[in-house]
Amino acid sequence: MEKNEILEIRKDFPYLSINGGSIVYFDNAATTQKPRQVIERLEKYYFYENGNPHRGAHYLAMKATEVYEEARAYIGKFLNARSSNEIVFVRNATEGLNLLTYSYGNEELHEGDEILISILEHHSNEVTWQEVAKKTGAKLVYLKVDENMQISSEEFKNKINENTKIFSITAASNVVGTMPDIEGMISYIRKNYPNTKIILDCAQYIPHRKIDVQKTDCDFLVFSGHKLCSPMGIGVLYGKEELLNKLKPFQYGGDMIEYVYEDYASYLKSPQRFEAGTQNVGGAVSLQGAIEYMENIGFDKILEQETILTDYAYEKMIKIPYIDVYTTNNKRRSPVISFNFKNAHPHDVASIIDTRGIAIRSGHHCAQPLHRSLGINFSCRASFAFYNTIEEVDKFIESLSYVKEVMGIES
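The rules we used
Residues numbered from 1 in each chain as written. Predicted model: local features only at pLDDT ≥ 70, side-chain atom pairs only at ≥ 80, totals over all residues. Heavy atoms only, no water. UniProt positions renumbered as here; feature names shortened; annotations may be inferred. Pairing = 2+ DSSP bridges. Helix = DSSP H or I, 4+ residues; strand = E, 2+ residues; numbered from the N terminus. Axes fitted to C-alpha atoms, helices over the stretch in contact; angles between N-to-C directions. Contact = heavy atoms within 4.5 Å. Core = buried A, V, L, I, M, F, W, Y, C linked by side-chain atoms within 4.5 Å. Buried < 20%, exposed > 50% of the residue type's maximum accessible area, 1.4 Å probe, protein only. 1 Å grid on protein atoms, 1.4 Å probe; cavity = no way out; pocket = protein on both sides within 12 Å on 5 of 7 lines; lining within 4 Å. Points joined across faces, edges and corners; volume = space filled by probe spheres on them. Nonpolar A, V, L, I, M, F, W, Y, C, P; charged D, E, K, R; others polar. Patch = residues over 30% accessible without salt bridge, like charges linked within 9 Å, V, L, I, M, F, W, Y side chains within 5 Å. Areas by Shrake-Rupley, 256 points an atom, 1.4 Å probe, with all protein chains shown as cover. Salt bridge = Lys/Arg side-chain N within 4 Å of Asp/Glu carboxyl O. Arc of directions from axis to C-beta. Phe/Tyr/Trp six-rings, centres within 6.5 Å; stacked < 30°, edge-to-face > 60°. Lys NZ or Arg CZ within 6 Å of the ring centre and 35° of its normal.

As annotated in an unreviewed UniProt entry, the protein carries the name Cysteine desulfurase and comes from Peptoniphilus koenoeneniae. Here is the UniProt Sequence similarities (unreviewed entry) comment for the protein, exactly as written: "Belongs to the class-V pyridoxal-phosphate-dependent aminotransferase family. Csd subfamily."

Pasting the structure below:
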């Protein structure tokens, strides 16, 4: 993107302009800032369209139903789903994964079956399957990464087999930036193990790149709205319609019911059967607004800007002798750089940098096994978004020298 384009975009994010733009927000992998257009869309809903969807014959109930289902249809087109019935609204990617573990994993897996995930996974795509393995007797198998934090074709082909009933993998690591070759993996599975169900955790992928679920041919996919400029509390579970309609409901209550008798109930088809109770209509509407906002900018431009920022920061950081960088050097990576000072705790580093008005993440980023595989317990993480600038990266790099000075670290 041209500099003037970025400056215009930044006007949509008032916080980024506080004190003359002295605030640098590099914690985008945790959650993005929200543009005023999305907040205004949410405000419009609660001022003029607020009602309980699917439940009334009055204007506001019908209007709420209309905008809620419009959001579902829009997001279905965004993912190129075959039908809006394949879009289930959830609170976040974590809830979507939990739905799949309860409604599919616990029901369909048995002793001797295998669940294949990777060491890259966020806890929400790991602990969930650990629990399924405990309850069903299935075996949890991990794909490991090489020295460049990549999953080799050999590793993948050695681990997947006829016992693999579920393959659930992140499309982008929130720690090391790795974007596995999901297209190649899925193609291999479809050819050799057609009964394996494929789940993609796209929480860290969709904010940066579009995905076509028909072309990708995954069975299920999840993502969170708050990582792509929408308010918190809304997410999406995509699933092939024929598979969703075979799953048991995850929760029970109003609006997912077909008929109820004193000793029996039947349930609606997808998506209603998974949306018990009053839903977050404002969240769904604002998620549509967020995706519209990003599509108006253009995902190609978003990818270009974030790639420039990531590559620029990475090349500078790997030259700093007192810092260890853990991000893959593969150019196809998400815009995150995890690192540690050789002689400073990540929390101290983040706190000192914060005094310079720069927000980064410190901790294990909900990926403890991955950190242990790297020989560390915690790390710092800088993560970039399309509204960040090269000047902000320079300020961040300068702050690393300040940390060195404050902590008395020798080069």
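## Section: the sheet that holds strand S15 (residues 379–383)
Spatial strand order, S11-S12-S15-S14: four strands in an open sheet with antiparallel pairing. Strand pairing shows two members of the sheet lacking a second neighbour, strand S11 (323–325) and strand S14 (361–363), which therefore form its edges. Strand-to-strand twist in this sheet, taken as the mean axis angle between neighbours without regard to direction, amounts to 30 degrees. Bridge count for strand S12 (residues 336–341) against S15 is four bridges, and the pairing is antiparallel. When the sheet's bridge partners are listed, Val-336 is paired in S15 with Ser-383. Most of the contacts of helix H11 (residues 299–317) go to S12, to which it runs at about 20 degrees, and overall it touches S11 and S12. Helix H12 (residues 346–354) rests against S12, S14 and S15 of the sheet, and its axis sits at about 160 degrees to S14.

## Quick notes on the nonpolar core
Ranked by internal contacts, the top residues of the largest apolar core, which has 73 residues, are Leu-79, Leu-200, Ile-206, Leu-221, Phe-223 and Phe-386. Looking at which element gives the most residues to this core, the answer is helix H10 (residues 281–297), with nine residues. Every residue in contact with Leu-221, bar those within four places of it in the chain, is listed here: Leu-200, Cys-202, Ile-206, Ile-211, Val-213, Val-236, Leu-237 and Tyr-238. Core analysis: the next-biggest nonpolar cluster, separate from the first, contains 28 residues, Val-24, Leu-309, Val-349 and Val-393 among them.

## Describing the layout of surface pockets
Empty space within the largest pocket amounts to approximately 240 Å³. Around the largest pocket sit 21 residues that line it, and His-122, Asn-174, Ala-203, Gln-204 and Lys-227 are the ones nearest its centre. Its residues assigned to classes, the lining of the largest pocket shows seven nonpolar, ten polar and four charged. Its boundaries defined by the atoms lining it, the second largest pocket holds a volume of some 160 Å³. Breaking the lining of the second largest pocket down by element, the ones donating at least two residues are strand S2 (87–90) and helix H4 (93–108). Broken down by class, the residue content of the lining of the second largest pocket amounts to seven nonpolar, five polar and three charged.

## Examining the environment of Ile-9
Here Ile-9 lies in helix H1 (residues 3–10). Residue Ile-9 is classed as buried on the basis of its relative accessible area, which comes to 9%. Remark: the alpha-carbon pair of Ile-9 and Lys-144, spanning 135 residues in sequence, is separated by 39 Å. Apart from residues lying up to four places away in sequence, Ile-9 is in contact with Met-1, Tyr-293, Ile-297, Phe-386 and Tyr-387.

## A word on a nonpolar patch on the surface
Together, Tyr-259, Tyr-261 and Tyr-264 make up a nonpolar patch on the protein surface, roughly 400 Å² of accessible area in all. Turning to its location among the elements, Tyr-261 is positioned in strand S9 (residues 257–261). The class of Tyr-261 is exposed, set by a relative accessible area of 52%.

## Considering the environment of Pro-249
Here Pro-249 is to be found in the loop between helix H9 (241–244) and S9. On the basis of relative accessibility, which here comes to 8%, the residue Pro-249 falls in the buried class. Expressed as a C-alpha distance, the spacing of Pro-249 and Ala-276, which sit 27 residues apart in the sequence, is 8.8 Å. When sequence neighbours within four positions are dropped, the list of residues in contact with Pro-249 reads Ser-103, Met-256, Tyr-267, Arg-273 and Phe-274.

## Side note on H12
When H12 is considered as a whole, its buried residues turn out to be Pro-346, Val-349, Ala-350, Ile-352 and Ile-353. The buried residues of H12 all sit within an arc of 165 degrees when viewed along its axis, so they share a single face. On its buried face, H12 is in contact with S12, strand S13 (358–359), S14, S15 and helix H14 (390–407).

## With respect to the sheet that holds S2
Taking strand neighbours across the sheet as the criterion, the seven strands line up as S2-S8-S7-S6-S5-S3-S4 in an open arrangement whose pairing is mixed. Edge positions in the open sheet fall to S2 and strand S4 (139–143), since each of these has one partner strand only. Within the sheet, the average angular offset between the axes of one strand and its neighbour, ignoring direction, is 20 degrees.

## Points about H1
Owing to its 3.6 residues per turn, the α-helix aligns residues three or four sequence positions apart on the same side. Along H1, the positions that sit buried rather than exposed are Ile-6, Ile-9 and Arg-10. Taken around the axis of H1, the buried residues stretch over an arc of 100 degrees, which confines them to a single face. Considering only its buried residues, H1 is in contact with H10, H11 and H14.

## Concerning the pattern of salt bridges
Scanning the entire structure with this criterion turns up 24 salt bridges. The shortest N-O distance in the salt bridge between Glu-131 and Lys-134 comes to 3.2 Å. Of this pair, Glu-131 and Lys-134 both sit in helix H5 (residues 127–136), three residues apart, roughly one helical turn. Its relative accessible area of 33% is what places Glu-131 among the partly exposed residues. Looking at Lys-134, the relative accessible area reads 63%, which means it is exposed. One salt-bridge network, in which partners are shared between bridges, spans Arg-190, Asp-217, Asp-219 and Lys-240.

## A word on the packing of aromatic side chains
Enumeration according to the criterion identifies 20 aromatic pairs in this entry. Considering the side-chain rings of Phe-26 and Phe-384, the 4.9 Å spacing of their centres and the 85 degrees angle between planes classify their relative orientation as edge-to-face. Placement of the pair is Phe-26 in the loop between strand S1 (24–25) and helix H2 (36–49) and Phe-384 in the loop between S15 and H14, with a sequence separation of 358 residues. In this pair, the class of Phe-26 matches that of Phe-384, namely buried. Here the aromatic rings of Tyr-104 and Phe-220 are separated by 6.5 Å at their centres, their planes lie at 50 degrees, and the arrangement is tilted. With a gap of 116 residues between them, Tyr-104 in helix H4 and Phe-220 in strand S7 (residues 220–224) connect regions that are remote in the sequence. For the residue pair Tyr-104 and Phe-220, the accessibility class agrees, reading buried in each case. Sitting over the ring of Tyr-402, Arg-356 keeps its end group 3.7 Å from the ring centre.

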